[in-house]
Amino acid sequence: GSASCSRNLGIRLAKGEYVVFLDGDDWLDPDALGRIDATLRQYERLDVLLLSALEWSEGDDGVRVLMRRISNFGREDEGRVVSGTEAIILLASRGRRAVNYSCLNVCRADFLRENELLQIPGIQQEDTEWVPRVWLAAKRVAVLDYAFYHYRRRPGSVQTACSPKLLEGLAVALDSLLQLAERPDLPHRVRAFLNDGQFSMLYWYLFHPMYRKRFTNEMRRGVLHRLAGTDEARRRFLSAAKRCSFPKRLAAPLVLFAERTGFFAPARLFFRLLYFPLAHRKKGVKR
């Protein structure tokens, strides 16, 4: 199966009140479940408790190096309960991008089952699509500023291998999210936040120089055809692009041109000379 198949089975069969996700090559702090349990008891019937993780890089020699702390929220957010929609608006107000990892979300099992919040089976990038749906359905969300999860990035893992399935999963996930962001009940700021994150992922995997030799233009065009290959999909794509930052809006016509013609040179030139240099510069300024 896939990670999503295993998680879906766990959600369906879980006997406990809350579900904690753990991938086979990662690990939890020894005190993790006790601290999570104690925190959940401080609140009344949370749908989701948001936590943090530490990312480790592991070489072929087995030596691990701490790379970064992964989190969406911090200590200043502890002690209050908000909806998932309000949490997204808070992230947007801080100019931050959501990290959509399943492991950062401890979820009430009945909440997931009642809202049919299962992950798309058999794809990579399943977290990308699942976490926004969970947040938008959640009425009661709280934060624990605790890096309880240890995420191991190692050679040959699913994410580092960059197989064609990665792009196939990306196409399925982003197609679902573009449709999700069309919901008329969503505040404009939430839709814009979701769309901006979606286009960031799309442009990164399709046009960043580090992936140039890992994926063929035929594979890239397959992703774009999934997202903009029909009149309705193209309308949705352009509508979403209009809610994104200016560089992403500027890139959209070039990306659609590549989808129609299979000619990627104009888009690749734009991303190499303008889009990614500006993105790296902006990131550097924030630091």
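In the block above lies the structure referred to throughout.
Presented here is an overview of the structure given in this document.

Criteria and cut-off values
- Residues numbered from 1 in each chain as written.
- Predicted model: local features only at pLDDT ≥ 70, side-chain atom pairs only at ≥ 80, totals over all residues.
- Heavy atoms only, no water.
- Helix = DSSP H or I, 4+ residues; strand = E, 2+ residues; numbered from the N terminus.
- Buried < 20%, exposed > 50% of the residue type's maximum accessible area, 1.4 Å probe, protein only.
- Contact = heavy atoms within 4.5 Å.
- Core = buried A, V, L, I, M, F, W, Y, C linked by side-chain atoms within 4.5 Å.
- Arc of directions from axis to C-beta.
- Polar contact = N/O pair within 3.5 Å; in protein donor to acceptor, adjacent residues only side chain to side chain.
- Disulfide = S-S within 2.5 Å.

1. A look at unusual backbone geometry
No. 1: Notably, glutamate 116 is not glycine yet its phi reads approximately 50°, a positive angle.
No. 2: Mapped onto the secondary structure, glutamate 116 falls in the loop between helix H4 (109-114) and helix H5 (126-137).
No. 3: Glutamate 116 sits in the exposed class, given a relative accessible area of 66%.
No. 4: Phi is positive for glutamine 125, close to 65°, though the residue is something other than glycine.
No. 5: As for its placement among the helices and strands, glutamine 125 is situated in the loop between H4 and H5.
No. 6: Under the relative-accessibility criterion, glutamine 125 is labelled buried at 7%.

2. A few points about the side chain of threonine 128
No. 1: Within the secondary structure, threonine 128 sits in helix H5.
No. 2: Among residues more than four places away in sequence, those in contact with threonine 128 are Asn100, Ala173, Leu177 and Met201.

3. Observations regarding the nonpolar core
No. 1: Core analysis: the largest hydrophobic core is formed by 62 residues, its most contacted members being Tyr203 and Phe271.
No. 2: With 9 residues, the top contributor of residues to this core is helix H8 (residues 188-207).
No. 3: The residues touching phenylalanine 271, leaving out its near neighbours within four places in the chain, are Tyr203, Phe207, Ala251, Val255, Phe276 and Pro277.
No. 4: Counting residues in each nonpolar core, the second largest holds 20 residues, with Ala53, Ile70, Tyr146 and Tyr151 among its members.

4. Thoughts on the side chain of serine 2
No. 1: With respect to the helices and strands, the residue serine 2 is situated in the segment before helix H1 (3-13).
No. 2: Discounting chain neighbours no more than four positions away, the residues touching serine 2 are Pro121, Gly122 and Ile123.

5. A look at helix H2 (residues 32-40)
For an α-helix, 3.6 residues make a turn, and residues three or four places apart therefore share a direction.
No. 1: Among the residues of H2, Ala32, Ile36, Thr39 and Leu40 are the ones counted as buried. Along the axis of H2, the buried positions cluster into a sector of 100°, meaning they face one direction only.
No. 2: In the core, the buried residues of H2 are packed alongside strand S1 (18-19), strand S2 (27-28), strand S3 (48-58), strand S5 (105-108) and strand S6 (141-153).

6. Quick word on the environment of tyrosine 149
No. 1: Here tyrosine 149 shows up in strand S6.
No. 2: Overall, the relative accessible area of 1% leaves tyrosine 149 in the buried class.
No. 3: Tyrosine 149 sits 127 residues away from leucine 22 along the chain, and the two C-alpha atoms are 8.1 Å apart.
No. 4: Look past the residues within four positions of tyrosine 149 in its chain and what remains in contact with it is Phe21, Leu22, Asp23, Asp26, Trp27, Leu28, Ser52, Ala53, Leu54 and Cys103.
No. 5: Of the polar contacts made by the side chain of tyrosine 149, one reaches the backbone nitrogen of aspartate 23; its length is 3.1 Å.
No. 6: Side-chain polar atoms of tyrosine 149 contact the side chain of aspartate 26, separated by 2.7 Å.

7. Quick word on the environment of aspartate 77
No. 1: Tracing the chain through its elements places aspartate 77 in the loop between strand S4 (64-70) and helix H3 (84-93).
No. 2: Judged by relative accessible area, aspartate 77 falls into the buried class, the value being 2%.
No. 3: Along the backbone, aspartate 77 and alanine 142 are 65 residues apart, and their C-alpha atoms lie at a distance of 8.0 Å.
No. 4: Residue contacts for aspartate 77: discarding those within four places in its chain leaves Leu90, Arg94 and Val143.
No. 5: Side-chain polar atoms of aspartate 77 contact the side chain of arginine 80, separated by 3.3 Å.

8. Observations concerning the state of the cysteines
No. 1: According to the stated counting rule, one finds 0 disulfides in the structure shown.
No. 2: This cysteine, cysteine 103, is not joined by any disulfide, and cysteine 107 carries the nearest cysteine sulfur, 11 Å off.
No. 3: Take cysteine 103: its relative accessible area is 9%, and that puts it in the buried class.

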